[in-house]
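# An overview of the molecular structure
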Amino acid sequence: MMRTLSASSPAAGSARPALQPDMFGPMLRAWRRRRGASQLSLALQSGVSQRHVSFLESGRARPSREMVVQLSSALDVPLRQRNAMLLAAGFAPAYRESNLTAPELAPVRQAIDRMLKQQEPYPAVVVDRLWNLLDANEAANAFTVFLSEGPPPPPPPGKAPNLLRNLLDPKALRPKLANWEEVARYLVSTTYAEILADGGEPKALAFIEEVMAYPDVPASFRKLRFEDRPPPVLTLDFIVGGKSLSVFTTIATLGTPQDVTLQEVRIECFFPADDRSDALFRSLAAQR
């Protein structure tokens, strides 16, 4: 898990480009239905008349820029998809997609660095919505070397290091994970559900197809298996060089983000699930 930062596209202005304004109505209807809302409930939530919501969905009326933001906010549409709705209505995106190293994100960057440092001697990583690695603390780097029993294999050409790929790839961490099927099913199914809930963006769906192409990853992994009595938390149980290590994770997100990148950032912290694993993490820290 090497420390890297992803590049993102710059923010757009507020001019109205000529981009398929007729697509806004179907997108609004799709998001309303996805949220299980009627036209009346959306009208009450957004402060827009039900008649106007109906006219917007049917294409009999065109929204203003402010109306697109108002309705998409009421539906809790992710910022990336709000930009898509603005484009569909003929407007430029409103929300930036910044690089984490951008000067305006310095306070957030500092906060993330503090979180990574405070997590020592336990691993912590920063990933995006598709599990691409953006940053990691020293404990995570040492943990990766330990699991790989040496330098980790490089990612595919043109790809960033990716946690989900590493767990599904039989040439990476998969052979070390004793409860691989359980963990893989959970991660694939929840990631797929989140992608669908966020609108099923083509790039994200293509990522799911890519990881599903690994050997012995069945289509059924897209759906979480029902358990009568599931455990309180799903652990990742590794066996490396005869040593057992069991961990669970927590995931933190940034509050009130107004940037696409910041909304999609996840800080995942690893914790030992037993005393033996705790001792191993502390031993790795002492070796550093």
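Every chain begins its residue count from 1, and numbering advances along the sequence as written. Since the coordinates come from a predicted model, pLDDT governs what is reported: local features require at least 70, and pairs of side-chain atoms require 80 or more to be given and counted, while whole-chain, interface and lining totals use all residues. Excluded from the side-chain calculation are hydrogens and water; included are all heavy atoms of the structure.

## A closer look at the overall build of the protein chain
Stated precisely, the cut-off is as follows: Only DSSP runs of H or I reaching four residues or more are called helices, and only runs of E reaching two or more are called strands; each is numbered from the N terminus. With a 1.4 Å probe rolled over the protein chains alone, any residue whose accessible area is under 20% of its type maximum counts as buried; one over 50% counts as exposed, and the rest are partly exposed. A contact between two residues is defined here by any heavy atoms of the two lying within 4.5 Å. A 1.4 Å probe and the Shrake-Rupley method give the accessible areas. Residues count as covered only by the protein chains that appear here. In this tally, Lys and Arg are treated as positive and Asp and Glu as negative; His is ignored, and so are the chain termini. Note on charges: their place is set at NZ of Lys, CZ of Arg, CG of Asp or CD of Glu.
Each helix and strand counted, the protein chain has 12 helices and 5 strands in total. Looking at the protein chain as a whole, 46% of its 288 residues qualify as buried. Pairs at least 24 apart in sequence give 66% of the contacts found in the protein chain among residues at least 6 apart. Summed over all atoms, the accessible surface of the protein chain reaches about 14900 Å², with 55% contributed by carbon and sulfur. Considering the protein chain, the positive charge centre built from 34 side chains and the negative charge centre built from 30 side chains are found 6 Å apart.

## So, helix α9 (residues 180-197)
Definition in use: Given the number of residues in a helix, its expected span is that number minus one, multiplied by 1.5 Å.
Under the 1.5 Å per step criterion, the end-to-end length of α9 is 25 Å for 18 residues, consistent within 8% with the ideal 26 Å. For α9, the secondary structure elements touched by its buried residues are α8 (163-168), α10 (202-212) and β3 (236-240). Downstream of α9 by one or two residues, G199 has phi in the positive range, about 110°.

## Section: the environment of I267
Mapped onto the fold, I267 is located in strand β5 (residues 266-272). Excluding anything up to four places from it in sequence, I267 contacts I112, M115, V125, V126, T250, I251 and A252.

## Thoughts on the sheet that holds strand β1 (residues 124-127)
Within a sheet, each strand pairs with its neighbour through backbone hydrogen bonds, oriented either parallel or antiparallel. Just so we agree on the cut-off: We call two strands paired when DSSP finds no fewer than two bridges between them. Convention adopted: a line fitted to C-alpha atoms gives each axis, helices being fitted over their contacting stretch, and angles between N-to-C directions are expressed from 0 to 180 degrees.
Judged by pairing direction, the sheet is antiparallel, and its 5 strands sit side by side in the order β2-β1-β5-β4-β3 without closing on themselves. At either margin of the open sheet sits one strand with a lone partner, and together these are β2 (133-136) and β3. On average, each strand axis in the sheet is inclined to that of its neighbour by 30°, with strand direction left out of account. In the sheet, β1 pairs with β2 via 3 bridges, with the strands oriented antiparallel. Note on β2: the bridge partner recorded for V127 is L133. Packed onto the sheet, helix α12 (residues 275-287) meets β4 (243-252) and β5 and runs at close to 85° relative to β4.

## Concerning the packing of aromatic side chains
So the rule is basically this: Two rings from Phe, Tyr or Trp (for Trp, the six-membered ring) form a pair when their centres sit within 6.5 Å of each other. Planes less than 30 degrees apart are called stacked, planes more than 60 degrees apart edge-to-face, and all others tilted.
Tallied over the full model, the rule gives 7 aromatic pairs. Summarising the aromatic geometry, the rings of Y122 and F271 are spaced 6.3 Å apart at their centres and angled 45° between planes, so their arrangement reads as tilted. A residue pair is termed long-range when its members are at least 10 positions apart, and Y122 in the loop between α6 (106-118) and β1 and F271 in strand β5 qualify at 149 residues. The buried category is assigned to Y122, whose relative accessible area is 12%.

## Examining α6
Here is the rule we go by: Think of the arc as the fan of directions from the helix axis to the C-beta atoms.
The end-to-end C-alpha separation of α6 is 18 Å, in line with the 18 Å expected for 13 residues at 1.5 Å each. Taken residue by residue, α6 has R109, I112 and L116 as its buried positions. Projected down its long axis, α6 shows its buried positions confined to an angular sector of 65°, all on one face. The exposed residues of α6 that point more than 90 degrees off its buried face are P107, R114, K117 and Q118. Looking at the packing, one finds that the buried side of α6 touches β1, β2 and β5.

## Overview of the side chain of R222
Using the following cut-off: What qualifies as a polar contact is a pair of N or O atoms within 3.5 Å, subject to a donor-acceptor requirement within protein and to the restriction that residues adjacent in sequence count only when both atoms come from side chains.
Here R222 shows up in the loop between α10 and β3. A polar side-chain atom of R222 sits 2.7 Å from a polar atom in the side chain of E209. Not counting the four nearest positions on each side in its chain, R222 is found in contact with V188, S189, Y192, I208, E209 and M212.

Don't take any of this as a statement about function, it's just geometry.
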